[in-house]
Amino acid sequence: MKTIKVTTGRPYDVRIAPGLLLQVGPMAREIAPSTQKAAIITDRNVEPLYLEPVFSSLEGAGFETINYSIPPGEASKRGESYLALLGWLAEQKLTRTDLIIALGGGVVGDLAGFAAATYLRGVRYIQLPTSLLAMVDSSVGGKTAIDLPAGKNLAGAFYQPALVLCDTNALSTLPEEVFRDGTAEVIKYGMLCSPTLLEELRGDGLRTQSEGIITQCISIKRDIVCEDEFDTGLRMLLNFGHTIGHGVEKLSGYAISHGLAVAIGMAIDTRSAVKNKLCPPDCLTALEELLALYGLPDKTEFLPTQLYGAALSDKKRAGNEITFVTPRKLGHCELISMPMSEMLDWIEAGVSL
Ligand code: GLY
């Protein structure tokens, strides 16, 4: 088992190994020795696969265990779903000393995490990510959020989990398209700061050495989050491809999934960086080859003006400036700020071939 210590304001462990979902009970007990109740939040795809073993493990460790399932998909991150979940927690009389368990992918983690951050002004929670995307990105670092009609993740809180357990066995039950979605975030880490990771991804590393690659991604994220827990500087790097990506997701009515949208966003930003002479063309070639290798898109049908309109709601916009992530060479990205008035040109350069 690999353990990564995240030393944020409230420190916690991320553990990575096959079979961890069967050990949730005793591991939850270590961090919550006198807690009575555990509320598992999951979705209806994950429920038939993993609810029973997680439930039994928690009961076996002496937790009175209850569960709540949401429909899978981004629509469950709407305000109504969030309020319904809070209502259920209150009906169940969950108290401040109890525990919330997020069992599932990014949607479950974001929704359950935001409920944990706000119900009774904060209840401890454990992340049990079951998708690649949730393991390498959304379960770690304490960003929790729901969507607003104006855009994705626009209401949320920084609220670190008390423990994250990544059971790599769960990857074997992921539908191909859900696995693929996570590969975009893995490629993102390579582009940000790890030529070695990019090299490993060119082989079949992700399928054959998932534990090692997930550990590398989480270590990179840990280092960044520990330096900038509240996303005021360095952490914005983790949003490479996300400003345009979130726009693509929103414009598609969330029919285009997060990972695919981020892949498109990274390609557009890199193309524009090359055209603006911020990075050499080999960086774009390498990214396009990797995206193709993992079956990820690098183009969108949406118009630059539509993408620009969506970016106006981006959290990284401050007044008339937006902070952007741009590659400078293969395996190295930097933050740049640009006036919003230049952003449309940036997107146009990245969209055209
Ligand atoms: N997913 C980006 C971050 O956690 O900052």
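All residue numbers refer to positions counted from 1 along the written sequence of the respective chain. This being a predicted model, a pLDDT of at least 70 is required before a residue's local features are given, and a value of 80 or more before pairs of side-chain atoms are given or counted; all residues contribute to the totals for chains, interfaces and linings. With hydrogens and water set aside, each side-chain value is computed from the structure's full complement of heavy atoms.

Chemist: Please clarify how the overall build of the protein chain should be interpreted in this entry.
Modeler: Labels follow the DSSP assignment, with helices taken as runs of H or I lasting at least four residues and strands as runs of E lasting at least two, numbered in each case from the N terminus. Along the backbone of the protein chain there are 14 helices and twelve strands. Within these notes, the globule rule equals 2.2 Å times the number of residues to the 0.38 power, and the radius of gyration is based on C-alpha atoms. For 353 residues, the compact-globule formula gives about 20 Å, and the C-alpha radius of gyration of the protein chain, at 20 Å, lands near that figure. If one aligns the C-alpha atoms of the protein chain with their principal axes, the spans along those axes are about 60 × 40 × 35 Å. The cut-offs for exposure are 20% and 50% of the maximum accessible area for each residue type, with area from a 1.4 Å probe on protein chains only; residues under the lower value are buried, those over the upper are exposed, and the others partly exposed. Counting across all 353 residues of the protein chain, residues that qualify as buried make up 58%. Here, two residues are considered to be in contact whenever any of their heavy atoms come within 4.5 Å of each other. When contacts within the protein chain are restricted to residue pairs at least 6 apart in sequence, those whose partners lie at least 24 apart make up 74%. Under the convention used here, a 1.4 Å probe and the Shrake-Rupley method define accessible areas, while residue burial counts only the protein chains that appear. Carbon and sulfur atoms provide 55% of the accessible area of the protein chain, an area that totals close to 13700 Å².

Chemist: Mind showing me how you'd approach the site of the ligand here?
Modeler: Here a residue counts as near a molecule or strand whenever at least one of its heavy atoms sits within 4 Å of it. In the vicinity of the ligand, the contacting residues are Asp137, Lys143, Lys221, Arg235 and Leu238. Think of a polar contact as two N or O atoms within 3.5 Å of one another; within protein, one of them needs to be a possible hydrogen donor and the other a possible acceptor, and neighboring residues in sequence only count if both atoms come from side chains. At 2.6 Å, a side-chain N or O of Lys221 approaches an oxygen atom of the ligand. Summarising the interface, the protein chains cover 91% of the accessible area of the ligand, which totals 200 Å² for the free molecule. For the shell around the ligand, a count of residues per class yields one nonpolar, no polar and four charged. The classification used treats Ala, Val, Leu, Ile, Met, Phe, Trp, Tyr, Cys and Pro as nonpolar, Asp, Glu, Lys and Arg as charged, and all other residues, Gly among them, as polar.

Chemist: Got a minute to help me understand a negative patch on the surface in this structure?
Modeler: Each patch is assembled from residues with relative accessible area greater than 30% and no salt bridge, linking like charges that lie within 9 Å and nonpolar side chains (Val, Leu, Ile, Met, Phe, Trp, Tyr) that lie within 5 Å. Basic side-chain nitrogens of Lys or Arg form a salt bridge, by our definition, when they fall within 4 Å of a carboxyl oxygen of Asp or Glu. Charge convention: Lys and Arg are scored as positive, Asp and Glu as negative, and His as well as the terminal groups of each chain are ignored. One atom stands in for each charge, and that atom is NZ of Lys, CZ of Arg, CG of Asp or CD of Glu. Judged by side-chain charge, Glu321, Glu342, Asp345 and Glu348 come together as a negatively charged surface patch. If one sorts the elements of the negative patch by residue count, helix α14 (residues 340-351) sits on top with three residues. Inspection of the secondary structure puts Asp345 in helix α14.

Chemist: What is the right way to look at the packing of aromatic side chains in this model?
Modeler: The description of an aromatic ring pair rests on the distance of the ring centres and on the angle between the ring planes. Any two of the Phe, Tyr and Trp rings considered here, Trp counted by its six-membered ring, make a pair once their centres fall within 6.5 Å; the pair's planes then place it as stacked at under 30 degrees, edge-to-face at over 60, or tilted in between. Taken as a whole, this structure holds five aromatic pairs when the rule is applied. Where Tyr82 meets Phe114, the ring centres are 4.7 Å apart and the plane angle is 25°; that geometry is what we call stacked. With Tyr82 in helix α3 (residues 79-91) and Phe114 in helix α4 (residues 106-118), this pair connects stretches of sequence that are 32 residues apart. Judged by relative accessible area, Tyr82 falls into the buried class, the value being 11%. Their ring planes at 85° and their centres at 5.4 Å tell us that Phe158 and Phe230 sit as a pair that is edge-to-face. Within this pair, whereas Phe158 is found in strand β8 (residues 151-158), its partner Phe230 is found in the loop between α9 (210-227) and α10 (242-251), the two being separated by 72 residues in sequence. A cation sits over an aromatic face here: Arg10 above Tyr159, 4.6 Å from the ring centre. By definition, being over a ring means that NZ of Lys or CZ of Arg is both within 6 Å of the ring centre and within 35 degrees of the ring normal. Above the face of the Phe63 ring, Arg29 is positioned so that its terminal group lies 3.8 Å from the ring centre.

Chemist: Would you explain the sheet that holds strand β2 (residues 12-17) in this entry?
Modeler: Picture the strands of a sheet paired through backbone hydrogen bonds; they go either parallel or antiparallel. Whether two strands pair comes down to DSSP finding at least two bridges between them. Taken in spatial order, the seven strands make up an open sheet running β1-β2-β9-β6-β5-β3-β4, and their pairing is mixed. Of all strands in the sheet, those bounded by a partner on one side alone are β1 (2-6) and β4 (64-70). Pairwise comparison of adjacent strand axes, ignoring direction, gives a mean angle of 15° for this sheet. In terms of strand pairing, strand β3 (residues 37-43) meets strand β5 (residues 99-104) through four bridges, oriented parallel. The residue bridging Ile40 from the neighbouring strand is Ile101, located in β5. Across the sheet, α3 touches β3, β4 and β5, and the angle it forms with β4 is around 160°. Note on method: axes are straight lines fitted to C-alpha atoms, helices fitted across the in-contact stretch only, with angles between N-to-C directions ranging 0 to 180 degrees. Along the sheet face, α4 touches β3, β4, β5 and β6 (124-129) and points at about 165° away from the line of β5.

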